[in-house]
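# Coordinate analysis (summary)
In case you want the letters, here they are:
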Amino acid sequence: MTTETNSVLNSVKEAFAPVTEAFTKLQNMEVPEAAREFVKKQAEAAKTRAADAYAGSEKVTNVIETAVAGSVTEAAKISRNIQQALYQDAEAFFAGIDKLASAKSLSEAAQIQSDMVRARGELFVSRAKATTEYLGKLVTDGAKTAQDNFAKVYSKTA
């Protein structure tokens, strides 16, 4: 049985001898200079592309950060303006109450009320106009900033 096992083992070795020899030669085979240079160039190109992608992502992040910071600043301005308008409205209301309380006749009270309503209407129109102008400027400036920022990002990454 040992003889038979050795015989089968030798037959397998002989059958795979060409494959074994090929692997041995493959391990000692020298890689051509052109192949090594090709791999080096491809690795360098990939490294450059990765660096460019990173720089581009940094620029995009900066653009987003700038846009968000600008939005927060504008939101704070809007909030302050609303607070100021509410305070002015409260002051005007209480001043009107004082004026109405000082009226000596019903016709004088009606005139004071009429003047207050007209003044409130004028103030409303004035605020609406200012708000429209402000929002128009905000949209225009935001679009210009976005256009400039994207131009910066894409001109250098393209």
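What you see is a predicted model, and the numbers here were worked out from it, not measured in a lab. (Residues numbered from 1 in each chain as written. Predicted model: local features only at pLDDT ≥ 70, side-chain atom pairs only at ≥ 80, totals over all residues. Heavy atoms only, no water.)

### Description of the overall build of the protein
Within the protein, the regular secondary structure consists of 3 helices and 0 strands. Scanning the protein from its N terminus toward the C terminus, one meets helices and strands in the order α-α-α. Buried residues in the protein amount to 6% of all 158 residues. Carbon and sulfur atoms make up 64% of the accessible area of the protein, which amounts to about 13000 Å² in all. (Helix = DSSP H or I, 4+ residues; strand = E, 2+ residues; numbered from the N terminus. Buried < 20%, exposed > 50% of the residue type's maximum accessible area, 1.4 Å probe, protein only. Areas by Shrake-Rupley, 256 points an atom, 1.4 Å probe, with all protein chains shown as cover.)

### So, the packing of aromatic side chains
Think of a pair of aromatic rings as described by two things: how far the centres are apart, and how the planes are tilted against each other in angle. Overall, the coordinates contain 1 aromatic pair when judged by the stated rule. On the basis of an interplanar angle of 70° and a centroid distance of 5.4 Å, the ring pair of Phe-93 and Phe-94 is categorised as edge-to-face. (Phe/Tyr/Trp six-rings, centres within 6.5 Å; stacked < 30°, edge-to-face > 60°.)

### Let's talk about a nonpolar patch on the surface
Nonpolar side chains collect at one region of the surface, where Val-12, Phe-16, Val-19 and Phe-23 lie side by side and expose about 390 Å² of accessible area between them. Within the element layout of this structure, Phe-16 appears in helix α1 (residues 2-28). (Patch = residues over 30% accessible without salt bridge, like charges linked within 9 Å, V, L, I, M, F, W, Y side chains within 5 Å. Salt bridge = Lys/Arg side-chain N within 4 Å of Asp/Glu carboxyl O.)

Coordinates in, geometry out; function isn't part of it.
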